[in-house]
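Residue strings, one per chain:
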Amino acid sequence: MPTVDLRSDTVTMPSPEMRRAMADAELGDDVWGEDPTINRLQEVAAERLGKEAALFVSSGTMGNLLGILVSARSGQEIIADADSHTFLSETGGAAALGGIQIMPVRTAAGIMTAEQVAEAIRVDDVHHPRTAAIAFEDTHNYHGGIAWPLEALRAASAEAHRNGLSVHLDGARLFNAAVATGSDVREIAACADTVTFCLSKGLAAPVGSVLAGPEEKIAEARRWRKMLGGGMREIGMLGAAGLFALENMVDRLAEDHANARTLAEGLAEMEGITLDLSRVQTNLVVFEVDRMAPAAFVAECEKRGVKGAQISRRQLRFVTHYGVTAADVQQALKAVGEVLGAA
Ligand SMILES: Cc1ncc(COP(=O)(O)O)c(C=O)c1O
């Protein structure tokens, strides 16, 4: 029986059609700005998000780092959710490379209220760093893939802007958020100055993310990207994968969400699993098991052909994505049932 890999949507493989588009891509040197396919991807992405410009980057981590580096300088502070990917899982890049400190704000479910935004902004005091920017995450990975209600994002963002902050959106799964809330991706992106989204997750491209925003910030991000060694040459085949993903892989995300829902409902019924179904809004299913250590649970599931991930001391995660079918979900539920039954 083939393995069902539910560790992350980053494990998605390009479809045969995507591979063909990659093989046929027109190429040029992107550091010179001459790769026609990358240029096209950047134009299409900027247009799709309603931003002036966009930049292809190697990863979501680089997109977020550049978004921060163009919005704050050394000695300043940015606000981010205490459970955000940027704060927890991007190796302290903003501090290491930009001298920028993150003020973590604890939220109930990854949604920061306008009051929390206001509260986290530093007062004008010689002892304090200045708050320059704020980063939101939509969908929110460690809070179970919840999608911000558009009104909540608008309110938090408006508060930040009212206080002169720049707003960065970590939209690694921005299109999942749009599909889940029924919002246009432009409406979500309009809440932020700079936005990162990943092509390499649910959209199933093998590599790449995009940072979009105002012309001058994107020009500055291009310099940072070069400094970080992220200037790449004839990469049109990656651009072709990204274009294919934007054209063909967005609408099908609803299928991943439906599969995640079935998986979550099945898990929630099992004794020994704690799972908040209200957070299962997209393709992530975060839960805890109370009978065994998370690492042992992962190992036992893998023995039965199902891969999952431990994402914190207690939390486990299954992620549905392109390549995971409704039958795979049933296989996963059967495996988990056996693991818990034997525990
Ligand atoms: C919310 C979020 N932001 C950023 C990233 C980083 O993306 P990458 O792995 O491409 O660096 C991830 C990766 O899982 C993520 O879930």
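Located above this text is the structure these notes cover.
The numbers attached to residues start from 1 for each chain and follow its sequence in the written order. It should be noted that, the model being predicted, local features are given only for residues of pLDDT at least 70 and side-chain atom pairs only at 80 or more, the latter also being counted only at that level, while totals for whole chains, interfaces and linings use all residues. Only heavy atoms go into the side-chain values, all of them from the structure, while hydrogens and water stay out.

Novice: Which residues make up the sheet that holds strand 8 (residues 209-213), and what values go with them?
Specialist: At least two bridges found by DSSP between two strands are what make those strands a pair. Each helix is a run of H or I in the DSSP string that is no shorter than four residues. Each strand is a run of E no shorter than two, and both are numbered from the N terminus. With respect to topology, 7 strands assemble into an open sheet ordered 2-8-7-6-5-3-4, the strand pairing being mixed. Because the sheet does not close on itself, it has two edges, and the strands there are strand 2 (53-57) and strand 4 (101-105). Pairs of neighbouring strands in the sheet enclose a mean axial angle of 20°, with direction left out of account. Bridging between strand 7 (residues 194-198) and strand 8 involves 4 bridges; their strand directions are antiparallel. Bridge pairing in strand 8 places Val 195 opposite Ala 212. Between the N-to-C directions of two axes lies an angle of 0 to 180 degrees, each axis being a line fitted to C-alpha atoms and, for a helix, fitted only over the stretch in contact.

Novice: Outline the pattern of salt bridges, listing residues and values.
Specialist: Salt bridges are defined as contacts in which a side-chain nitrogen from Lys or Arg sits within 4 Å of a carboxyl oxygen from Asp or Glu. Following the criterion strictly, the structure yields 20 salt bridges and no others. Residue Arg 233 pairs with Asp 29 through a salt bridge whose shortest N-O separation is 3.1 Å. In this pair, Arg 233 is assigned in the loop between helix 10 (215-227) and helix 11 (236-248) and Asp 29 in the loop between helix 1 (16-23) and helix 2 (36-49), connecting sequence segments 204 residues apart. Salt bridges sharing common partners tie together Glu 300, Lys 303, Arg 304, Lys 334 and Glu 338.

Novice: An account of the nonpolar core is requested, with residue identities and associated values reported.
Specialist: By size, the foremost hydrophobic cluster in this structure holds 54 residues, and its most contacted members are Phe 136 and Leu 199. We call two residues in contact when some of their heavy atoms are within 4.5 Å. The residues touching Phe 136, leaving out its near neighbours within four places in the chain, are Met 112, Val 117, Trp 148, Leu 153, Ala 156, Ser 157, Val 167, His 168, Leu 169 and Asp 170. The set of buried Ala, Val, Leu, Ile, Met, Phe, Trp, Tyr and Cys residues whose side-chain atoms join them within 4.5 Å is what this entry labels a nonpolar core. Relative accessibility decides the category of a residue: with a 1.4 Å probe and only protein chains considered, values under 20% of the type maximum give buried, values over 50% give exposed, and everything between is partly exposed. In terms of nonpolar packing, the next biggest core, distinct from the first, is built from 28 residues, Ala 260, Val 280, Cys 301 and Leu 340 among them.

Novice: Go over the side chain of Thr 37, please, and point to the residues and values.
Specialist: With respect to the secondary-structure elements, Thr 37 resides in helix 2. Given the relative accessible area of 10%, Thr 37 is considered buried. Among residues more than four places away in sequence, those in contact with Thr 37 are Ala 25, Glu 26, Gly 236, Gly 239, Ala 240 and Leu 243.

Novice: I'd love a proper account of the packing of aromatic side chains, names of residues and values included.
Specialist: Think of it this way: a Phe, Tyr or Trp ring, Trp meaning its six-membered ring, pairs with another when their centres are within 6.5 Å, and the plane angle makes it stacked under 30 degrees, edge-to-face over 60, tilted otherwise. Going through the model one piece at a time under the given rule, you end up with 4 aromatic pairs. Taking the centre distance of 5.8 Å and the plane angle of 80° together, the rings of Phe 287 and Phe 297 count as edge-to-face. Of this pair, Phe 287 sits in strand 10 (residues 284-289) while Phe 297 sits in helix 13 (residues 294-303); the two residues are 10 residues apart in sequence, bridging distant segments of the chain. Relative accessible area serves as the criterion here: at 1%, Phe 297 is assigned to the buried category. Among the aromatic residues, ring-to-ring pairing joins Phe 287, Phe 297 and Phe 318 into one connected group.

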